[in-house]
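# Summary of the model geometry
One-letter residues, chain by chain:
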Amino acid sequence: MAHQQHELTLFKEKHIQYIVNLNTKDKSYEYWLTEHLRMNGLYWGLTALYLLGSQNSLDKEDVISFVLSCKDPVNGGFGAFPKHDGHLLSTLSAIQILATLDSLDVLNEEDINDLVDFIIGLQLPNGSFQGDKYGEIDTRFIYTAISSLSILGKLTKKVVEPSLSFIKDCQNFDGGFGMVPGAESHAAQVFTCLGTLAILDRLDVINDQNLLGWWLSERQVANGGLNGRPEKLPDVCYSWWVLSSLSILNKLSWIDHRKLRQFILHSQDSENGGISDRPDNQVDVYHTLFGIAGLSLMKFENLVAIDPVYCMPIEITKKFRRWPYTE
Amino acid sequence: MHGIKRERLSEEARRNKKLRDRARIRNYKTLNAMVLVRRDKRDYSEDAFRLSTKLLDLNPEYYTIWNYRREIFLNGLFQDPGDAAKGETAVSNDMIPAILERELKFLIVLLKRFPKCYWIWNHRMWCLENNPKPKLNNELAIVNKILSLDSRNFHGWHYRRYIIGLIESSNGSKSSTNSGINASGTELSLSEFNYTTELINLNFSNFSALHNRSKLIIKIFKKTNLDNQYKEAVLKTNPEFENKLEFLTKELDYFKNAIYTDPDDQSVWLYLRWLLCSNDLLNLSMDDNDNNNDNNNSNNNNNKLKIIKLLLLQIKDINELNDLEKSDDINSLDNKWCLKIIIEIQMTLFDKFIDLLKTNDTNNSDYLTSLITNFNQNLTTLIQIDPLRSNRYLDLQRIYNKRFETL
Ligand SMILES: [Zn+2]
């Protein structure tokens, strides 16, 4: 293993091929079982390709027409697949895809109004958001709602203030955030809360940034990987949730980058491309994106720079309207 | 995908899988099409319901079908046939509890196969909220079982707090006419606290239980401060809730045993850090009786001195443990976690009590100097023995030494 570590590189071409082939190669049973993740998968794949400098390897018109075909005519959001119901998770992915392709203008005024109504309609009086009208509440949905509205340039004080107060209530003794008030800290929820606070320019809501930075840095385990909670196994996707959170807190240097890079690179499939949750497991496009995004945040491998708040290329997000709006 | 081994299929195995997949795909796609067609036609019949069961059994992540299923309940199965004939839409069917009980059974089977599927958990909550007579104690028993199998299960804990919340609010509405204590509701916080003690007795390295414990402690203290009758009831079984200092001392004794057993267990250390360094418990003046006191200031100072004494004692104890660990270590290295918590306590002293440390005559002025020296030594050691996080220690050294310059 030791001598192998020096030879490890990012298999860029193989990853590009892996992602491009996801939709064209012989489709397995599992492919059909994951229709409910297709919109998210497209966002993960497109973003990974962009970071690899290969954003044109998906056909732009095809992607846009798929996104538009997923609009839910009843609730105004986007579903994960045609005929699937609109949900906040797939709605954010759809908006991110269109923004990444610089094509938000394919949405007409009515589409945008429908989207904004759909998103705002899911906020509850305590500031939380449900993922759809069936009531699942989770800080993930505050992030998806606020990020979507921010990309569309449609935030309002009325939405922002209660969201902040809900996030405030989700803080724990270890400095982290959980999915609802009272829930245990988890790195993915920390990201969704910090991402929201960063979009809203309100990092001051965090009780103790040093304590949170400490908790995040303790996610790194001996083999260099990061876990999501104490005493859990490391997983490549936390390269994103933990690292982006540290980056938002301006404490990116509080973990060992070289060792995390090794862990991510060891989780690649050197034959067929793609990255898995940990070495020698099955790859998927989700971990492929978050592995590459982590490497990009650490400025390895000459990747396109990623924005830790939006999980999109910085050259795209720098065009977004910043809250609080001045006019 | 999580935790699935990467496999290299031989040519033959690949061909076989493809053949097998072909039939499964055909079956799945047919079923999917049948369900979606019925949904388009707003078919809320038993037949549509049965097909959705089949589809969700194959793919419980298919959230749209859970939505359809709820539509079938609301617009079909919950409707009293008599009402429908009269054209009424009000849900008045006495069968609803039984229908939803049956649904919960279906969900348990699915949860056994897919314990981490958010949509199943979410649907379970929907079932309880739409049941006029939910059997909440059954749910608590189920969640006990789930947590006994995996005591860190995220969904299980979330569901547990949710059920407790439902029980509390249903008790609250029942006893709202009673003045005084909301007996059942408050006892729940206490029984939940005792449940975390049980779990920690089994295995103290259970961060989920420690987390929940921290929340319950705050809740119980808030209530004992406001409500004397409640406090008396609590003290009968849990005398440690007399006051915060008492509680802190007992809790420290209990968990120090744990760290002696396994000094590398981060869960207990993080919990100890909370006990010793956060305002939640250190803010002793929040304790009853002190609130409307004339000599609040001197009381405050007294409390602060008590805390300083306690913290210094903890540093001493943890140093002793570290010495033991050091003599056991083949390379005579310090124990990382001992030092990590010592610097946390030291930073708490600097952040909250620096004035008292400077002026108080129980500590000569050299004491602060030696505390600072020791703090810097600890950081230097940590940079070496915990290199993953060396930049954090360097940052802390820079931040605090800059502050010390102005002392
Ligand atoms: Zn993962």
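Because the structure is predicted, anything quoted here is derived from the model rather than measured.

As a further point, take the interface of chain B and chain A. Contacts between chain B and chain A engage 60 residues on the former and 68 residues on the latter. For the pair chain B and chain A, the two sides together bury roughly 5,900 Å², of which 52% comes from carbon and sulfur. Looking at the side of chain B facing chain A, the largest losses of area belong to Arg6(B), Phe154(B) and Leu388(B), adding up to 14% of the total buried there. Between the two partners, chain B and chain A, sit eight salt bridges. As a salt-bridge pair, Glu218(A) and Arg389(B) come within 3.6 Å of each other at their nearest N and O atoms. Counting the contacts that link chain B with chain A gives 40 residue pairs in polar contact (both at pLDDT 80 or more).

In this structure, Phe177(A) and Trp241(A) are the most contacted members of the largest nonpolar core, which totals 228 residues. It is helix H16 (residues 336–359) of chain B that provides the largest number of residues to this core, a total of 14 residues. Residues lining this core come from more than one domain, with at least three contributed by each of domain 1 (184–242) and domain 2 (254–407) of chain B.

Surrounding the zinc ion are the protein donor atoms Asp235(A) (OD), Asp235(A) (OD), Cys237(A) (SG), His287(A) (NE2) and His2(B) (NE2), which sit 2.1 to 2.5 Å from the metal. Residue Asp235(A) is located in the loop between helix H11 (209–217) and helix H12 (237–248), and its partner His287(A) is located in helix H14 (residues 285–297); the two are separated by 52 residues in the primary sequence. The burial state of Asp235(A) is the same as that of His287(A); both residues are buried.

Next up on the list: the domain arrangement of chain B. All names here are of chain B. Segmentation of chain B into domains returns domain 1 (184–242) and domain 2 (254–407). Each partner contributes residues to the interface: domain 1 has 15 residues there, and domain 2 has 16 residues. Buried area between domain 1 and domain 2, summed over both chains or domains, comes out near 1,300 Å², and the portion from carbon and sulfur atoms is 65%. Considering only the side of domain 1, the residues that lose the most area to domain 2 are Phe-204, Leu-210 and Asn-225, jointly responsible for 40% of the buried surface there. Applying the counting rule to domain 1 against domain 2 returns zero salt bridges. The tally of links from domain 1 across to domain 2 stands at three residue pairs in polar contact (both at pLDDT 80 or more). At the level of secondary structure, the elements contributing two or more residues to the side of domain 1 that touches domain 2 comprise helix H9 (183–202) and helix H10 (207–226). Broken down by element, the residue count for the side of domain 1 that touches domain 2 peaks at eight residues, all from H10.

The rules behind the values
- Residues numbered from 1 in each chain as written.
- Chains lettered and ligands numbered in written order.
- Predicted model: local features only at pLDDT ≥ 70, side-chain atom pairs only at ≥ 80, totals over all residues.
- Heavy atoms only, no water.
- Contact = heavy atoms within 4.5 Å.
- Buried area = accessible area lost by both parts, 1.4 Å probe.
- Salt bridge = Lys/Arg side-chain N within 4 Å of Asp/Glu carboxyl O.
- Polar contact = N/O pair within 3.5 Å; in protein donor to acceptor, adjacent residues only side chain to side chain.
- Core = buried A, V, L, I, M, F, W, Y, C linked by side-chain atoms within 4.5 Å.
- Buried < 20%, exposed > 50% of the residue type's maximum accessible area, 1.4 Å probe, protein only.
- Helix = DSSP H or I, 4+ residues; strand = E, 2+ residues; numbered from the N terminus.
- Domains from an automatic or database assignment.
- Donors = N, O, S within 2.8 Å, 3.2 Å for Na, K, Ca; no water.

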